[in-house]
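# Examination of the molecular architecture
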Amino acid sequence: MKKIILLLIGLSIISCKDTKKDEDASNNDVPPKITLHVLDGGKIVANKLDLFSEDTTYTGQSKILADAFYVIQHPKGNLMWDGGLPENLVGMPEPFTDPSGAFTVSRKDSVVNQLKAIGLTVEDFKYIALSHSHFDHVGHANVFKNSTWLVQENEYDFFTNDSAQIKQPDIYNAIKELKNVQKLNGDHDVFGDGTVVIKTMPGHTIGHQVLYLNIGLEKPILLTGDLYHFDENRTYKRAPMFNYDIPMTKKSMEAFEAFAKEKNANVFIQHSQEDFDRLQTLLKK
Ligand SMILES: [Zn+2]
(Lines give C-alpha, C1' and ligand atoms only; values in the text may rest on other atoms or scores of the structure.)
Protein backbone atom coordinates (compact mmCIF):
# COMPACT_ATOMS: atom_id res chain seq x y z
CA MET A 1 0.00 0.00 0.00
CA LYS A 2 2.82 2.34 0.91
CA LYS A 3 4.42 1.71 -2.46
CA ILE A 4 1.18 2.56 -4.22
CA ILE A 5 0.81 5.78 -2.26
CA LEU A 6 4.39 6.76 -2.98
CA LEU A 7 3.84 6.04 -6.67
CA LEU A 8 0.75 8.22 -6.68
CA ILE A 9 2.66 10.97 -4.96
CA GLY A 10 5.40 10.72 -7.55
CA LEU A 11 2.89 10.98 -10.37
CA SER A 12 0.92 13.87 -8.99
CA ILE A 13 1.62 17.54 -9.38
CA ILE A 14 1.76 18.04 -5.64
CA SER A 15 4.72 17.29 -3.46
CA CYS A 16 5.25 15.66 -0.17
CA LYS A 17 8.06 14.65 2.07
CA ASP A 18 8.25 11.45 4.05
CA THR A 19 10.28 12.55 7.01
CA LYS A 20 10.57 9.15 8.70
CA LYS A 21 14.07 7.97 9.24
CA ASP A 22 13.84 4.17 9.08
CA GLU A 23 17.25 3.79 10.66
CA ASP A 24 15.88 5.49 13.77
CA ALA A 25 13.29 2.78 14.27
CA SER A 26 15.22 1.09 17.07
CA ASN A 27 15.70 4.34 18.96
CA ASN A 28 13.25 4.92 21.81
CA ASP A 29 13.23 8.61 21.00
CA VAL A 30 11.93 8.10 17.47
CA PRO A 31 10.49 11.30 16.07
CA PRO A 32 6.92 10.85 14.85
CA LYS A 33 6.53 10.26 11.12
CA ILE A 34 5.03 13.42 9.72
CA THR A 35 4.29 14.17 6.08
CA LEU A 36 3.61 17.58 4.59
CA HIS A 37 1.90 18.28 1.28
CA VAL A 38 1.41 21.64 -0.40
CA LEU A 39 -1.68 21.77 -2.61
CA ASP A 40 -3.29 24.21 -5.01
CA GLY A 41 -6.25 26.25 -3.76
CA GLY A 42 -6.37 28.48 -6.85
CA LYS A 43 -4.95 31.66 -8.30
CA ILE A 44 -5.67 35.31 -7.55
CA VAL A 45 -4.84 38.27 -9.71
CA ALA A 46 -4.68 41.27 -7.38
CA ASN A 47 -5.74 43.90 -9.93
CA LYS A 48 -5.40 46.74 -7.43
CA LEU A 49 -2.15 46.03 -5.66
CA ASP A 50 -2.37 49.36 -3.84
CA LEU A 51 -4.79 47.59 -1.47
CA PHE A 52 -1.79 45.68 -0.13
CA SER A 53 -0.07 48.69 1.40
CA GLU A 54 -1.06 51.55 3.72
CA ASP A 55 0.55 54.03 1.31
CA THR A 56 0.65 54.56 -2.46
CA THR A 57 3.66 52.29 -3.10
CA TYR A 58 1.78 49.87 -5.35
CA THR A 59 -0.56 52.28 -7.14
CA GLY A 60 -1.22 51.14 -10.68
CA GLN A 61 0.36 47.72 -10.13
CA SER A 62 -1.14 44.25 -10.20
CA LYS A 63 0.22 40.89 -9.08
CA ILE A 64 -0.51 37.19 -9.46
CA LEU A 65 -0.86 35.43 -6.12
CA ALA A 66 -0.88 31.72 -5.40
CA ASP A 67 -3.46 30.33 -2.97
CA ALA A 68 -1.89 27.33 -1.26
CA PHE A 69 -3.34 24.95 1.26
CA TYR A 70 -1.49 22.28 3.20
CA VAL A 71 -1.98 18.77 4.50
CA ILE A 72 -0.04 17.61 7.53
CA GLN A 73 -0.15 13.85 8.20
CA HIS A 74 0.71 13.05 11.81
CA PRO A 75 0.43 9.66 13.55
CA LYS A 76 -2.19 11.16 15.89
CA GLY A 77 -4.34 12.50 13.02
CA ASN A 78 -4.23 14.70 9.96
CA LEU A 79 -4.57 18.47 9.81
CA MET A 80 -5.91 20.54 6.90
CA TRP A 81 -4.33 23.98 6.99
CA ASP A 82 -6.40 26.55 5.07
CA GLY A 83 -9.17 26.10 2.52
CA GLY A 84 -8.20 27.86 -0.71
CA LEU A 85 -10.66 29.73 -2.94
CA PRO A 86 -14.36 28.81 -3.21
CA GLU A 87 -14.85 25.46 -4.89
CA ASN A 88 -17.68 26.76 -7.08
CA LEU A 89 -14.89 28.30 -9.19
CA VAL A 90 -13.77 24.79 -10.20
CA GLY A 91 -14.89 24.14 -13.76
CA MET A 92 -15.78 27.74 -14.56
CA PRO A 93 -14.72 28.51 -18.16
CA GLU A 94 -13.24 31.89 -17.26
CA PRO A 95 -11.67 33.36 -14.11
CA PHE A 96 -14.14 35.35 -12.00
CA THR A 97 -13.68 39.05 -11.27
CA ASP A 98 -15.42 40.45 -8.18
CA PRO A 99 -17.76 43.44 -8.60
CA SER A 100 -15.16 45.88 -7.22
CA GLY A 101 -12.65 44.70 -9.81
CA ALA A 102 -10.00 44.19 -7.15
CA PHE A 103 -9.57 40.44 -7.59
CA THR A 104 -9.75 37.96 -10.47
CA VAL A 105 -9.88 34.44 -9.12
CA SER A 106 -9.84 30.87 -10.41
CA ARG A 107 -9.52 27.39 -8.95
CA LYS A 108 -8.62 24.34 -11.02
CA ASP A 109 -9.37 21.45 -8.72
CA SER A 110 -11.38 20.44 -5.66
CA VAL A 111 -9.90 19.36 -2.37
CA VAL A 112 -11.43 15.89 -2.71
CA ASN A 113 -9.63 15.28 -6.02
CA GLN A 114 -6.33 16.54 -4.73
CA LEU A 115 -6.59 14.41 -1.59
CA LYS A 116 -7.36 11.37 -3.75
CA ALA A 117 -4.07 11.88 -5.55
CA ILE A 118 -2.23 11.46 -2.23
CA GLY A 119 -4.32 8.53 -1.02
CA LEU A 120 -6.50 10.46 1.44
CA THR A 121 -10.16 11.25 1.89
CA VAL A 122 -11.97 13.99 3.76
CA GLU A 123 -12.80 11.51 6.53
CA ASP A 124 -9.09 11.09 7.29
CA PHE A 125 -8.86 14.56 8.84
CA LYS A 126 -9.07 14.96 12.58
CA TYR A 127 -8.49 18.70 12.40
CA ILE A 128 -8.98 21.70 10.15
CA ALA A 129 -7.44 25.09 10.93
CA LEU A 130 -7.63 28.24 8.83
CA SER A 131 -5.02 30.96 9.04
CA HIS A 132 -8.03 33.30 8.98
CA SER A 133 -11.54 33.60 7.64
CA HIS A 134 -11.19 35.51 4.35
CA PHE A 135 -12.82 34.32 1.11
CA ASP A 136 -9.57 32.91 -0.29
CA HIS A 137 -8.88 30.74 2.78
CA VAL A 138 -12.30 29.25 3.58
CA GLY A 139 -13.06 27.72 0.14
CA HIS A 140 -13.38 24.05 1.04
CA ALA A 141 -13.80 24.43 4.82
CA ASN A 142 -17.35 23.02 4.98
CA VAL A 143 -16.19 19.80 3.34
CA PHE A 144 -14.48 19.00 6.66
CA LYS A 145 -17.65 19.17 8.75
CA ASN A 146 -16.70 16.03 10.71
CA SER A 147 -13.27 17.41 11.64
CA THR A 148 -12.52 19.59 14.65
CA TRP A 149 -12.07 23.22 13.68
CA LEU A 150 -9.17 24.85 15.54
CA VAL A 151 -9.96 28.56 15.62
CA GLN A 152 -9.12 31.49 17.85
CA GLU A 153 -12.17 32.33 19.95
CA ASN A 154 -12.19 36.00 18.88
CA GLU A 155 -11.98 35.02 15.19
CA TYR A 156 -14.87 32.60 15.64
CA ASP A 157 -17.00 35.23 17.36
CA PHE A 158 -16.12 37.93 14.82
CA PHE A 159 -17.10 35.91 11.76
CA THR A 160 -20.10 34.02 13.14
CA ASN A 161 -21.99 36.61 15.20
CA ASP A 162 -25.47 37.66 14.05
CA SER A 163 -24.40 40.83 12.26
CA ALA A 164 -21.45 39.09 10.54
CA GLN A 165 -23.86 36.51 9.19
CA ILE A 166 -25.77 39.34 7.51
CA LYS A 167 -22.83 41.55 6.50
CA GLN A 168 -20.54 38.80 5.19
CA PRO A 169 -22.86 35.92 4.30
CA ASP A 170 -20.38 34.31 1.88
CA ILE A 171 -17.79 33.91 4.62
CA TYR A 172 -20.32 32.68 7.14
CA ASN A 173 -21.83 30.20 4.69
CA ALA A 174 -18.36 28.84 3.92
CA ILE A 175 -17.68 27.89 7.56
CA LYS A 176 -21.11 27.30 9.04
CA GLU A 177 -21.00 23.50 8.59
CA LEU A 178 -18.03 23.29 10.95
CA LYS A 179 -19.83 22.33 14.14
CA ASN A 180 -17.02 20.64 16.06
CA VAL A 181 -15.28 23.77 17.21
CA GLN A 182 -12.26 23.92 19.49
CA LYS A 183 -11.83 27.57 20.43
CA LEU A 184 -8.29 28.70 21.10
CA ASN A 185 -6.96 31.63 23.07
CA GLY A 186 -3.36 31.85 21.95
CA ASP A 187 -0.78 29.42 20.63
CA HIS A 188 -1.77 25.78 20.33
CA ASP A 189 0.42 22.67 20.09
CA VAL A 190 -1.89 20.56 17.91
CA PHE A 191 -0.53 17.09 18.74
CA GLY A 192 1.16 17.93 22.05
CA ASP A 193 4.66 17.06 20.85
CA GLY A 194 5.88 20.42 19.51
CA THR A 195 5.85 19.31 15.87
CA VAL A 196 2.76 21.22 14.68
CA VAL A 197 2.06 24.48 16.48
CA ILE A 198 -0.51 27.14 15.68
CA LYS A 199 0.89 30.56 16.56
CA THR A 200 -1.45 33.47 17.11
CA MET A 201 -0.45 36.46 14.94
CA PRO A 202 -3.45 38.82 14.92
CA GLY A 203 -3.94 41.95 12.86
CA HIS A 204 -4.80 40.81 9.34
CA THR A 205 -7.96 39.56 11.00
CA ILE A 206 -8.75 39.67 14.70
CA GLY A 207 -7.70 36.06 15.23
CA HIS A 208 -5.22 35.50 12.40
CA GLN A 209 -2.75 32.65 12.98
CA VAL A 210 0.33 31.09 11.37
CA LEU A 211 1.66 27.52 11.45
CA TYR A 212 4.99 26.22 12.75
CA LEU A 213 6.08 22.77 11.56
CA ASN A 214 9.04 20.99 13.10
CA ILE A 215 8.79 17.79 11.06
CA GLY A 216 12.31 16.52 10.64
CA LEU A 217 13.35 18.63 7.68
CA GLU A 218 16.68 20.43 7.72
CA LYS A 219 14.97 23.50 9.17
CA PRO A 220 11.52 23.92 10.70
CA ILE A 221 8.89 25.47 8.44
CA LEU A 222 6.79 28.57 9.15
CA LEU A 223 3.69 29.17 7.04
CA THR A 224 2.74 32.84 7.12
CA GLY A 225 -0.98 32.79 6.56
CA ASP A 226 -1.65 36.33 5.32
CA LEU A 227 0.77 38.06 7.66
CA TYR A 228 2.57 38.78 4.38
CA HIS A 229 1.18 38.29 0.88
CA PHE A 230 4.48 38.59 -1.00
CA ASP A 231 8.20 39.06 -0.38
CA GLU A 232 8.30 42.82 -0.73
CA ASN A 233 5.75 43.26 2.05
CA ARG A 234 7.89 41.09 4.33
CA THR A 235 11.04 43.04 3.50
CA TYR A 236 9.44 46.45 4.09
CA LYS A 237 6.85 45.35 6.68
CA ARG A 238 3.95 46.74 4.66
CA ALA A 239 0.43 45.84 5.70
CA PRO A 240 -2.67 45.76 3.49
CA MET A 241 -5.00 48.71 4.06
CA PHE A 242 -7.91 46.27 4.50
CA ASN A 243 -6.37 44.62 7.57
CA TYR A 244 -8.44 44.51 10.74
CA ASP A 245 -5.76 46.39 12.70
CA ILE A 246 -2.52 47.62 11.13
CA PRO A 247 -0.54 48.43 14.33
CA MET A 248 -1.51 44.98 15.65
CA THR A 249 -0.26 43.49 12.36
CA LYS A 250 3.09 45.23 12.76
CA LYS A 251 3.45 43.80 16.26
CA SER A 252 2.69 40.35 14.92
CA MET A 253 5.31 40.87 12.19
CA GLU A 254 7.89 41.64 14.89
CA ALA A 255 6.88 38.59 16.92
CA PHE A 256 6.92 36.43 13.79
CA GLU A 257 10.39 37.52 12.75
CA ALA A 258 11.77 37.02 16.27
CA PHE A 259 10.26 33.54 16.40
CA ALA A 260 11.52 32.67 12.90
CA LYS A 261 15.02 33.76 13.93
CA GLU A 262 14.92 31.88 17.22
CA LYS A 263 13.90 28.66 15.45
CA ASN A 264 16.05 29.27 12.35
CA ALA A 265 12.85 28.58 10.40
CA ASN A 266 12.32 28.37 6.67
CA VAL A 267 9.52 30.88 6.02
CA PHE A 268 6.96 30.27 3.27
CA ILE A 269 4.57 33.03 2.22
CA GLN A 270 1.35 31.25 1.35
CA HIS A 271 0.31 33.63 -1.45
CA SER A 272 3.76 33.65 -3.06
CA GLN A 273 3.96 31.53 -6.21
CA GLU A 274 7.75 31.44 -5.80
CA ASP A 275 7.37 30.05 -2.28
CA PHE A 276 4.79 27.53 -3.47
CA ASP A 277 7.31 26.23 -6.04
CA ARG A 278 10.18 26.40 -3.54
CA LEU A 279 8.28 24.28 -1.01
CA GLN A 280 7.30 21.74 -3.68
CA THR A 281 10.95 21.43 -4.65
CA LEU A 282 12.07 21.10 -1.03
CA LEU A 283 9.51 18.37 -0.32
CA LYS A 284 10.54 16.39 -3.43
CA LYS A 285 14.12 16.08 -2.18
ZN1 LIG B 1 -6.62 37.43 4.00
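Just so we're clear, the structure is a prediction, and the values are computed from it rather than from any experiment.

Regarding its fold elements, the protein presents eight helices and 14 strands. The proportion of buried residues among the 285 residues of the protein is 50%. Accessible surface computed for the protein: about 13,400 Å², of which carbon and sulfur atoms make up 52%.

Time to look at the coordination of the zinc ion. Donor atoms from the polypeptide that bind the zinc ion are H132 (NE2), H134 (ND1), H204 (NE2) and D226 (OD), placed at 2.1 to 2.4 Å. One way to put it: the four donor atoms around the zinc ion meet at angles of 87 to 178 degrees, and that makes the site irregular. Sequence positions of the donors to the zinc ion reduce to the motif H-x1-H-x69-H-x21-D. Note that H132 is positioned in the loop between strand 7 (125–129) and strand 8 (148–152) and D226 in the loop between strand 13 (221–223) and helix 6 (231–236), a separation of 94 residues in sequence. Of the residues examined, H132 reaches a relative accessible area of 1% and is grouped as buried. Under the relative-accessibility criterion, D226 is labelled buried at 2%.

Okay, the packing of aromatic side chains next. With the rule as written, the count across this model stands at 12 aromatic pairs. Ring centres 5.7 Å apart and planes at 65 degrees place the aromatic pair Y127 and F191 in the edge-to-face group. Of this pair, Y127 sits in strand 7 while F191 is found in the loop between strand 10 (188–189) and strand 11 (196–200), placing the two residues 64 residues apart along the sequence. Taken as a pair, Y127 and F191 share a single burial class, namely buried. Three or more aromatic residues joined by ring pairs make a cluster, and in this case those are F52, Y58, F103, F135, F230 and F242. In this structure, K63 is placed above the aromatic ring of F230, and the distance from its NZ or CZ to the ring centre is 5.1 Å.

Pairing is mixed in the open sheet, where five strands are placed in the order 10-11-12-13-14. A strand with exactly one partner marks an edge of an open sheet, and here the two such strands are strand 10 and strand 14 (266–268). Pairing of strand 11 with strand 12 (residues 209–213), which is carried by five bridges, proceeds in the antiparallel orientation. Pairing of I198 across the sheet is with L211, part of strand 12. Here helix 8 (residues 273–284) sits on the sheet in contact with strand 13 and strand 14, set at roughly 130 degrees to strand 14.

Glancing now at the side chain of H132. A distance of 3.3 Å separates a polar atom in the side chain of H132 from a polar atom in the side chain of H204. With residues up to four places along the chain from it excluded, the contact list for H132 reads D82, H137, V138, E155, H204, T205, H208 and D226.

Regular strands have side chains that alternate between both faces of the sheet. Within strand 12, five of the five residues are buried, leaving the element largely enclosed by the surrounding structure. Here strand 12 shows no split at all, with Q209, L211 and L213 on one side and V210 and Y212 on the other all buried. Bridging between strand 12 and strand 13 involves three bridges; their strand directions are antiparallel. Considered in strand 13, the bridge of Y212 is made with L222.

Before going further, it helps to examine the environment of E274. If you trace the backbone, E274 turns up in helix 8. Classification of E274 as exposed rests on a relative accessible area of 59%. The sequence separation of E274 and F230 amounts to 44 residues, and the corresponding C-alpha distance is 9.2 Å.

Below, the discussion takes up helix 7 (residues 246–263). The end-to-end C-alpha distance of helix 7, which contains 18 residues, comes to 25 Å, matching closely the 26 Å that a straight helix rising 1.5 Å per residue would cover. For helix 7, the full list of buried residues reads T249, S252, M253, F256, E257, F259 and A260. Taken down its axis, helix 7 places every buried residue within 165 degrees of arc, on the same side. Looking at helix 7, the residues exposed on the side facing more than 90 degrees away from the buried face are P247, K251, E254, K261 and E262. Close packing links the buried residues of helix 7 with strand 11, strand 12, strand 13, helix 6 and strand 14.

Judged by nonpolar contacts, the single largest core of 27 residues is most densely connected at L36, Y70, I72, L211 and L213. Of all elements in the fold, only strand 2 (35–46), strand 3 (63–74), strand 4 (77–81), strand 7, strand 11, strand 12, strand 13 and helix 8 reach the threshold of two or more residues within this core. With four residues, strand 3 is the single largest residue contributor to this core. Excluding residues within four positions of it along the chain, L211 makes contact with I72, L79, W81, V196, V197, I198, I221, L222 and L223. If you look at the next biggest cluster of nonpolar residues, it comprises 22 residues, including I118, V138, W149 and V151.

Listed as buried for helix 3 (residues 153–160) are E155, F159 and T160. The buried side chains of helix 3 occupy one side of the element, clustering within an arc of 105 degrees when seen end-on. Lining the buried residues of helix 3 we find strand 8, helix 4 (162–167) and helix 5 (169–175).

Parameters and conventions
- Residues numbered from 1 in each chain as written.
- Predicted model: local features only at pLDDT ≥ 70, side-chain atom pairs only at ≥ 80, totals over all residues.
- Heavy atoms only, no water.
- Helix = DSSP H or I, 4+ residues; strand = E, 2+ residues; numbered from the N terminus.
- Buried < 20%, exposed > 50% of the residue type's maximum accessible area, 1.4 Å probe, protein only.
- Areas by Shrake-Rupley, 256 points an atom, 1.4 Å probe, with all protein chains shown as cover.
- Donors = N, O, S within 2.8 Å, 3.2 Å for Na, K, Ca; no water.
- Tetrahedral: all angles 85-135°; square planar, octahedral: opposite > 155°, others 65-115°.
- Phe/Tyr/Trp six-rings, centres within 6.5 Å; stacked < 30°, edge-to-face > 60°.
- Lys NZ or Arg CZ within 6 Å of the ring centre and 35° of its normal.
- Pairing = 2+ DSSP bridges.
- Contact = heavy atoms within 4.5 Å.
- Axes fitted to C-alpha atoms, helices over the stretch in contact; angles between N-to-C directions.
- Polar contact = N/O pair within 3.5 Å; in protein donor to acceptor, adjacent residues only side chain to side chain.
- Expected span 1.5 Å × (residues − 1).
- Arc of directions from axis to C-beta.
- Core = buried A, V, L, I, M, F, W, Y, C linked by side-chain atoms within 4.5 Å.

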